[in-house]
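# Structural description and commentary
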Amino acid sequence: MKKGYTLVEIMVVMFILAVLAGGIFMVMSSGRQSWDISEARTALQLELRKAMSRISDDLKQSSVNQAFIDSGLTTNFLTGVAYPAIYFKVPQGINNATGAIEWNSSSISYALVNNTVTRADGAGTLKISSNIAGMNFTRIANDVFQIRLSGQKVKAVEHGNVTINATLDSAVAVRNN
């Protein structure tokens, strides 16, 4: 009696190992793709939060009477209407004689230029955040503005591209004078 394995037995074992290796490869590949997409989604959400934080911090200092839809600072916001950009002034101090707020002569603006949120003021223009597909400002109450940012990022994966979308909304109360 001979000891050893027949060719058929070896072929069956190799087939079983090939199926197991293929299954492991598919699980690993799927896990890596999920990781890449999750990482891209997190980066997009970070860009949205970065822009929202900067806009909110600046806008909180302004007043509803100092927020405009045009660079000429002549047209105020209508309640319930969304606008793609905002122009506003921030205080520079208080008049000691009257106690009234003195507003800075130059304005701050936020606009979307080539999928990038930009902040412009008297000192120049600064790129705040990228991969932003849409930006809207809506006056939703007397002294409250809603800011809506939507982002889009295309991530290349093993079998093509995946488009990742995210939206971030925030309500910002401004000064009431």
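So, here is what we can say about the structure in this document. In this text the structure is predicted, and so the values were computed from the model without any measurement. (Residues numbered from 1 in each chain as written. Predicted model: local features only at pLDDT ≥ 70, side-chain atom pairs only at ≥ 80, totals over all residues. Heavy atoms only, no water.)

## Observations regarding the sheet that holds strand S11 (residues 160–173)
Read across the open sheet, the four strands follow the order S2-S9-S10-S11; overall the sheet is antiparallel. With partners counted over all chains shown, the strands left at the sheet margins are strand S2 (82–83) and S11, one partner each. Examined bridge by bridge, strand S10 (residues 144–157) and S11 share 14 bridges and lie antiparallel to one another. Residue pairing across strands places valine 154 opposite threonine 163, the latter belonging to S11. Docked against the sheet, helix H1 (residues 7–59) engages strand S9 (132–141), S10 and S11, running at close to 155° with respect to S10. (Pairing = 2+ DSSP bridges. Helix = DSSP H or I, 4+ residues; strand = E, 2+ residues; numbered from the N terminus. Contact = heavy atoms within 4.5 Å. Axes fitted to C-alpha atoms, helices over the stretch in contact; angles between N-to-C directions.)

## A short note on the environment of asparagine 161
As for its position among the elements, asparagine 161 is in strand S11. Once residues lying within four places of it in the same chain are set aside, the contact partners of asparagine 161 are Val154, Lys155 and Ala156.

## Section: the packing of aromatic side chains
Per the counting criterion, the structure on display carries three aromatic pairs. Aromatic side chains phenylalanine 77 and tyrosine 83 sit 5.1 Å apart centroid to centroid with 85° between the ring planes, which places their arrangement in the edge-to-face category. Considered together, phenylalanine 77 and tyrosine 83 belong to a single accessibility category, that of buried residues. Pairing phenylalanine 77 with phenylalanine 145 gives two aromatic rings, centres 5.0 Å apart and planes at 80°, and the pair type is edge-to-face. Here phenylalanine 77 is found in the loop between strand S1 (67–68) and S2, whereas its partner phenylalanine 145 is found in strand S10, with 68 residues between them in sequence. What makes phenylalanine 77 buried here is its relative accessible area of 4%. Here the aromatic residues Phe77, Tyr83 and Phe145 are joined through ring pairs into a cluster of three or more. (Phe/Tyr/Trp six-rings, centres within 6.5 Å; stacked < 30°, edge-to-face > 60°. Buried < 20%, exposed > 50% of the residue type's maximum accessible area, 1.4 Å probe, protein only.)

## Structural notes on the sheet that holds strand S3 (residues 86–88)
Taken together, the five strands give an open sheet; going across it, the order is S1-S3-S6-S7-S8, and neighbouring strands pair in antiparallel fashion. Bordering the open sheet on either side are S1 and strand S8 (124–130), each of which pairs with just one other strand. Two strands pair when backbone bridges link them, and strand S6 (residues 108–113) and strand S7 (residues 116–121) are joined in this way by five bridges, in the antiparallel orientation. From the neighbouring strand, alanine 111 faces S7, where its bridge partner is threonine 118. Lying on the sheet, H1 is in contact with S3, S6, S7 and S8; it crosses S8 at an angle near 140°.

## Some words on the nonpolar core
In this structure, Leu59, Phe88, Tyr110, Val117, Phe137, Ile147 and Leu149 are the most contacted members of the largest nonpolar core, which totals 30 residues. Every element with two or more residues in this core is listed here: H1, S3, S6, S9, S10 and S11. In this structure, tyrosine 110 is in contact with Arg54, Ile55, Asp58, Ala85, Ile86, Phe88, Val117, Thr118, Arg119, Ile128, Met135 and Phe137, ignoring residues within four places of it in sequence. (Core = buried A, V, L, I, M, F, W, Y, C linked by side-chain atoms within 4.5 Å.)

## As for the pairing of S8
As defined by bridge partners, S7 adjoins S8 across six bridges and the pair is classed as antiparallel. Across the sheet, residue valine 117 finds its bridge partner in S8, namely serine 129.

## What to know about the pattern of salt bridges
Going through the model one piece at a time under the given rule, you end up with five salt bridges. For arginine 119, the salt bridge identified is with aspartate 121, shortest N-O distance 2.6 Å. With its nearest N and O atoms 2.6 Å apart, the salt bridge here joins arginine 148 to aspartate 169. Here arginine 148, found in strand S10, pairs with aspartate 169, found in strand S11; they are 21 residues apart in sequence, far enough to count as distant. Relative accessible area serves as the criterion here: at 39%, arginine 148 is assigned to the partly exposed category. (Salt bridge = Lys/Arg side-chain N within 4 Å of Asp/Glu carboxyl O.)

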